[in-house]
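Residue-level structure breakdown
Next come the chains, spelled out residue by residue.
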Amino acid sequence: MAEPLSDDALDRIFRTARTYNGYQDKPVSEEQLRAIYDLMKWGPTSANTEPARIIWCVSQEAKDRLAALASSTNATKIRKAPVTAIIGMDMQFYDNLPKTFPHADARSWFVGSETMIADTAFRNSSLQGAYFIIAARALGLDTGPMSGIDKEAIDREFFAGTSIKTNFISTLGYGDPSTIFDRLPRLSFEEVSKIV
């Protein structure tokens, strides 16, 4: 892994990749959803906790249910996108640690510590959500991550009876360039960094 990726690959993942508000009328297959997950699962999480859980809203019925729990602007995006992913976080992720972190009793680090559970679930499912975006871009798809949703209502509608809570959602498909804004400025290295 000593060689950097090509400029084309870096452009696709970061420099020219965009957040889309609308998509071409082109389906996304289950195989593509599986391919996204099969890439994103390799991204690191602390103690290999892997708390992210995903509901892929592909049917119009599922997208309509989700859209009803979003702001009016986001509802339109959800209904029209080929797929909208609900990125959730399993608040009992630690139950999988005997499998995913077998060389220590990592489960005991979390059980009974609600603050540590909440911090770990949120931080690491957010990281996994970023891996989802990068994986989708690497596979030639576009995303539209968003908040502007009623997370508690989504929990009731999609995660009832489970230990999973909503983190954020993201549309997914082949982006329609007419739906994006001009590229917004980014802060410079000097504005955000300090070398000590």
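Below or above, wherever it landed, is the structure these notes cover. (Residues numbered from 1 in each chain as written. Predicted model: local features only at pLDDT ≥ 70, side-chain atom pairs only at ≥ 80, totals over all residues. Heavy atoms only, no water.)

**Side note on the overall build of the chain**
- A tally of helices and strands in the chain yields nine helices and four strands.
- Counting from the amino terminus, helix and strand elements in the chain follow one another as α-α-β-α-α-β-α-α-α-β-α-β-α.
- Against the globule reference of 16 Å for 196 residues, the chain gives a C-alpha radius of gyration of 18 Å, in line with a compact fold.
- Overall, the C-alpha framework of the chain stretches about 50 × 45 × 35 Å when taken along its three principal axes.
- The proportion of buried residues among the 196 residues of the chain is 41%.
- Taken as a whole, the chain presents about 11,500 Å² of accessible surface, with 56% of it coming from carbon and sulfur. (Helix = DSSP H or I, 4+ residues; strand = E, 2+ residues; numbered from the N terminus. Rg over C-alpha atoms; globule rule 2.2 N^0.38 Å. Buried < 20%, exposed > 50% of the residue type's maximum accessible area, 1.4 Å probe, protein only. Areas by Shrake-Rupley, 256 points an atom, 1.4 Å probe, with all protein chains shown as cover.)

**Quick look at helix H7 (residues 114-138)**
- When the terminal C-alpha atoms of H7 are compared, their 36 Å separation across 25 residues agrees well with the 36 Å that a helix rising 1.5 Å per residue should span.
- One or two steps after H7, the chain reaches Gly140, where phi turns positive at roughly 90°. (Expected span 1.5 Å × (residues − 1).)

**Brief notes about the packing of aromatic side chains**
- Taken as a whole, this structure holds five aromatic pairs when the rule is applied.
- Ring geometry for Tyr20 and Tyr23: centres 6.5 Å apart, planes at 40°, overall tilted. Note on accessibility: Tyr20 and Tyr23 belong to one class, buried.
- Centroid distance Phe101 to Trp109: 5.6 Å. Interplanar angle 65°. Geometry classified as edge-to-face. (Phe/Tyr/Trp six-rings, centres within 6.5 Å; stacked < 30°, edge-to-face > 60°.)

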